[in-house]
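Structure assessment
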Amino acid sequence: MGADNLQKKLHLINFTVRALMIAFFLFWAAQLFALYFGGGIRDTEVQPDSSGFYGHNYCGTFFINMTRDNSFADEESYLNALQPADTPIVQDILLNTAAAATVISLLIFLNRADKQTVHKKRTAWLLLLSGSLYAAGNTFVESERLTPQTEGFKGIMATQSYYPQLYAVYGTALTMIVYGLILLYYEQSSRGRSVAGVQRALKFGAWITGIAAFGFMLWRFAERCCELFSEDNARLPFYSVFLDLPRSEAVSDSAYTKVLVFRFVKDLPVFAASAIAVTALIKLMYSAADGQINTAENRRRLKLSAFALAVSSVIFNLLGLVEVNMLNESFTGIYGDVTYTIGIRSGCEPMLYAFLLIIIELYIRVMPQTEKSG
């Protein structure tokens with residue numbers, strides 16, 4: 001009975017992942033069609049009685065509108081920004097090929113999971129390939145953002161600097177690679193082959209994950225603490241850049257401080273849940289390297305992490321509604337006209353990783369149960 005319930009959950013997960021993948025790529029394809037065949041997705045004619053609208057920049061649970069009045073130095077800069085970026089065709093071909101290979105590999109994996117042949121075939125390499133291609137593609141895109149273009153901008157857009165969005169770039173890729181290595185360990189051991197290389201890879205991955213993730217969190221936490229007492233402008237992450245939160249646009253010093261304190265409190269649950277999830281992933285990699293994969297302790301860690309991430313996501317997004325009102329009431333200029341949006345846009349939304357950890361927990365339950373001896 002338990003096996004039947006597990007299989008139903010796996011089928012539901014597989015169906016959900018397929019549906020999300022198809023929906024995402026249909027959305028992506030529709031935007032590309034509108035951009036290249038529909039005459040563009042933006043109106044390039046500047047209306048004399050309008051500030052014009054180029055787009056928006058996204059931060060957590062809100063976005064700011066970028067217009068010719070508040071973001072661009074002059075009208076020529078605004079019109080130039082409306083033009084599509086000149087991306088070399090070879091780069092487009094390589095990125096699209098990597099994306100297609102990633103999707104195909106994941107679809108094959110999901111098909112084998114539905115047919116219960118994941119552990120009967122060499123499936124681990126599908127996940128390792130998918131995760132590696134995803135990470136490589138994101139690294140290439142991220143490398144182009146190392147030096148933000150500030151020419152032609154004004155206001156907070158002219159002060160942008162690079163922000164390493166580690167979770168968005170490598171979080172999903174890491175979870176695919178981790179489960180791929182765990183599955184590879186199981187495949188190698190079940191066939192009586194050496195697992196020494198996989199063990200080294202899992203332990204090395206645990207070290208890299210710990211250093212990068214906790215180093216990133218400590219840096220951001222320290223920065224956020226210092227902002228509360230500094231006289232300088234706070235810096236907010238928008239995708240892969242930092243933008244100023246100018247004190248000069250706040251209605252008062254006390255209003256500025258209240259916004260910073262509120263944002264700090266709003267993000268604390270995410271810091272805590274992220275630390276719990278990273279710790280669980282590191283311990284999972286170490287225990288898998290010792291041959292302890294489907295254990296009650298590992299399953300409990302993953303469930304607890306997923307729960308913590310889900311709770312932090314709910315708190316983060318609900319408080320985001322309050323944050324939007326605070327910004328609109330406490331600031332003038334670009335921050336006095338912000339709009340609420342769900343946090344999933346960033347690619348590092350806690351609920352996304354809660355979902356991924358639940359997937360891993362379900363898939364390791366299919367493997368034979370192992371517990372530490374003694």
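In short, a report on the structure.

Criteria and cut-off values
- Residues numbered from 1 in each chain as written.
- Predicted model: local features only at pLDDT ≥ 70, side-chain atom pairs only at ≥ 80, totals over all residues.
- Heavy atoms only, no water.
- Salt bridge = Lys/Arg side-chain N within 4 Å of Asp/Glu carboxyl O.
- Helix = DSSP H or I, 4+ residues; strand = E, 2+ residues; numbered from the N terminus.
- Buried < 20%, exposed > 50% of the residue type's maximum accessible area, 1.4 Å probe, protein only.
- Pairing = 2+ DSSP bridges.
- Contact = heavy atoms within 4.5 Å.
- Axes fitted to C-alpha atoms, helices over the stretch in contact; angles between N-to-C directions.
- Disulfide = S-S within 2.5 Å.
- Parallel < 35°, antiparallel > 145°, perpendicular 65-115°, else oblique.
- Left-handed = near helix turned anticlockwise from the far one by under 90°.
- Nonpolar A, V, L, I, M, F, W, Y, C, P; charged D, E, K, R; others polar.
- Phe/Tyr/Trp six-rings, centres within 6.5 Å; stacked < 30°, edge-to-face > 60°.

A short note on the pattern of salt bridges
Taken as a whole and assessed by the stated rule, the structure comprises 11 salt bridges. The salt bridge partner of Asp244 is Arg235, with a shortest N-O separation of 2.8 Å. The closest approach of N and O atoms between Lys303 and Glu361, which form a salt bridge, is 3.9 Å. Taken together, the positions of Lys303 in helix H8 (residues 296-330) and Glu361 in helix H9 (residues 350-364) put the pair 58 residues apart, joining distant regions of the chain. Given the relative accessible area of 43%, Lys303 is considered partly exposed. On the basis of relative accessibility, which here comes to 2%, the residue Glu361 falls in the buried class. Overlapping salt bridges, with partners in common, bring together Arg224, Glu227, Arg263, Lys266, Asp267 and Glu323 in one network.

A few points about the sheet that holds strand E4 (residues 234-238)
As summarised here, the arrangement of the 3 strands in space is E3-E5-E4, forming an open sheet in which the pairing is antiparallel. Each edge of the sheet is formed by a strand with only one pairing partner; in this case those strands are strand E3 (161-162) and E4. Of the pairings in the sheet, the one linking E3 to strand E5 (residues 241-245) comprises 2 bridges and is antiparallel in character. Bridging across to E5, Tyr162 finds its partner in Val241. Taken strand by strand, helix H6 (residues 196-227) contacts E4 and E5, and its axis lies near 140° from that of E4.

Here we look at the state of the cysteines
Tallied over the entire structure, the rule returns 0 disulfides. For Cys225, which is in no disulfide, the shortest distance to another cysteine sulfur is to Cys226 and amounts to 6.9 Å.

Structural notes on the packing of helix H7 (residues 253-289) against H8
Between H7 and H8, the shortest axis-to-axis distance is 9 Å and the interhelical angle comes to 165°. On the basis of their axis angle, the class for H7 and H8 is roughly antiparallel. At the point where H7 passes H8, the crossing takes the left-handed sense. Grouping the constituent residues of the contact of H7 with H8 by class yields 19 nonpolar, 7 polar and 7 charged.

Re the packing of aromatic side chains
By the definition in use, this model includes 19 aromatic pairs. The interplanar angle of 85° and the centroid separation of 5.6 Å between the aromatic rings of Tyr54 and Phe72 together place this pair among those described as edge-to-face. Of this pair, Tyr54 sits in the loop between helix H1 (2-36) and strand E1 (55-59) while Phe72 sits in the loop between strand E2 (62-66) and helix H2 (75-82); the two residues are 18 residues apart in sequence, bridging distant segments of the chain. Take Tyr54 and Phe72: they sit in the same class, and that class is buried. Between Tyr167 and Phe216 the ring centres are 5.4 Å apart and the planes differ by 70°, which places this aromatic pair in the edge-to-face class.

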